[in-house]
Amino acid sequence: MDLNAFGRGAAQACSNSKMSDAEPHTGTTIVACTYNGGVVLGADGRVSTGNYVSNRASNKIMQLTDNVYLLRSGSAADTQAIGDYVRYFSEQLAGELGEDPSVQTIANLVGTMNYNNKNMLMGALLVAGIDKHSGGQVFGVPIGGTIVPEKWAIDGSGSTYIWGYMDSAWKPDMTREEAEGFVTEALALAMARDASSGGIIRTVTLDKDGATMRYVGGNEVPLFHEELQPPAAAAAAGTASMVVG
């Protein structure tokens, strides 16, 4: 085989590909809500660039302090950088105050960083946490740096598909179990429709006793809209199937 000719052919194929000139599209689904006693936040695990799924088990939940977490969607590099800077400044502030900053203070740091660099960063973020001042809190920080306090918040490409569900299913003063089920089902519904969301589900529940993390494997994610069953379930049912994401 002529390797030089092969290389030239591969390079030509790449140059002719429409995807090679397309701007990478990033997508995900992130969800957070308050409940009677704290907050629950969750995210899917899929990382995609265009039509290519590069990771199905990524962790999009970032701890900023003991009681505040960041949910990331958009450019992975941009949102990781924001989270690293905010965590650094939060540690400095905690040293000056002698205690952890409030959830709102940390949300303001995230929003300020996003706003001051809005022409260079692509990050839609959610800040969720609990403190002694206001209990469980959720702040939406969309692209551009706006800060919006919410009882529940969603973002990412998959959020488009679940606005109606969130409006109808959320209720004030939910129990912990209800809130965890609400976040998990919202993510599963988004993953069923959005090609850029999928893989697994991670959730974090924050209350006065600390953080509890939960992992839902791909074969345990609830199925909707005639989705194909995982191989084990399909084999038991005597039907053919495949796994996506």
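Residues numbered from 1 in each chain as written. Predicted model: local features only at pLDDT ≥ 70, side-chain atom pairs only at ≥ 80, totals over all residues. Heavy atoms only, no water.

A. Region of interest: the layout of surface pockets. Estimates place the volume of the second largest pocket at around 270 Å³. What lines the second largest pocket is a set of 18 residues, and nearest its centre among them are Thr34, Tyr35, Ser134, Gly136 and Lys151. Secondary-structure elements contributing two or more residues to the lining of the second largest pocket are strand E1 (30-35), strand E8 (135-141) and strand E9 (148-150). Examining the composition of the lining of the second largest pocket, we find that 5 residues originate from one element, E8, more than from any other. Here the lining of the second largest pocket is built from residues that sort into 7 nonpolar, 8 polar and 3 charged. (1 Å grid on protein atoms, 1.4 Å probe; cavity = no way out; pocket = protein on both sides within 12 Å on 5 of 7 lines; lining within 4 Å. Points joined across faces, edges and corners; volume = space filled by probe spheres on them. Helix = DSSP H or I, 4+ residues; strand = E, 2+ residues; numbered from the N terminus. Nonpolar A, V, L, I, M, F, W, Y, C, P; charged D, E, K, R; others polar.)

B. Unusual backbone geometry, seen in detail. Positive phi is not limited to glycine here, since Asp173 has a value of about 60°. Overall, the relative accessible area of 63% leaves Asp173 in the exposed class. (Buried < 20%, exposed > 50% of the residue type's maximum accessible area, 1.4 Å probe, protein only.)

C. Inspection of the pattern of salt bridges at higher detail. As enumerated under the stated definition, the model contains 7 salt bridges in all. A salt bridge links Lys171 to Glu178, with the nearest nitrogen and oxygen atoms 3.2 Å apart. Where salt bridges share partners, they join Arg176, Glu180 and Asp207 into one cluster. (Salt bridge = Lys/Arg side-chain N within 4 Å of Asp/Glu carboxyl O.)

D. Broad picture of the side chain of Ser58. As for its position among the elements, Ser58 is in the loop between strand E4 (52-55) and strand E5 (61-65). Look at Ser58 and you get buried, because its relative accessible area is 15%.

E. Structural context of the packing of aromatic side chains. For the coordinates displayed, the defined rule picks out 4 aromatic pairs. Ring geometry for Trp152 versus Trp163: centroids 5.6 Å apart, planes at 55°, classification tilted. One end of the pair, Trp152, is in strand E10 (residues 152-155); the other, Trp163, is in helix H5 (residues 163-169), and 11 residues separate them in sequence. Trp163 sits in the partly exposed class, given a relative accessible area of 43%. Aromatic pair Tyr165 and Phe182: ring centres 5.8 Å apart, planes at 20°, arrangement stacked. Linking Tyr165 in helix H5 with Phe182 in helix H6 (residues 176-193), this pair joins segments that are 17 residues apart in sequence. For Tyr165, a relative accessible area of 18% translates into the label buried. We classify Phe182 as buried; its relative accessible area is 4%. Aromatic ring contacts, followed pair by pair, group Tyr85, Tyr88 and Phe89 into a single cluster. We note Lys118 situated over the ring of Tyr115; from NZ or CZ to the ring centre the distance is 3.8 Å. (Phe/Tyr/Trp six-rings, centres within 6.5 Å; stacked < 30°, edge-to-face > 60°. Lys NZ or Arg CZ within 6 Å of the ring centre and 35° of its normal.)

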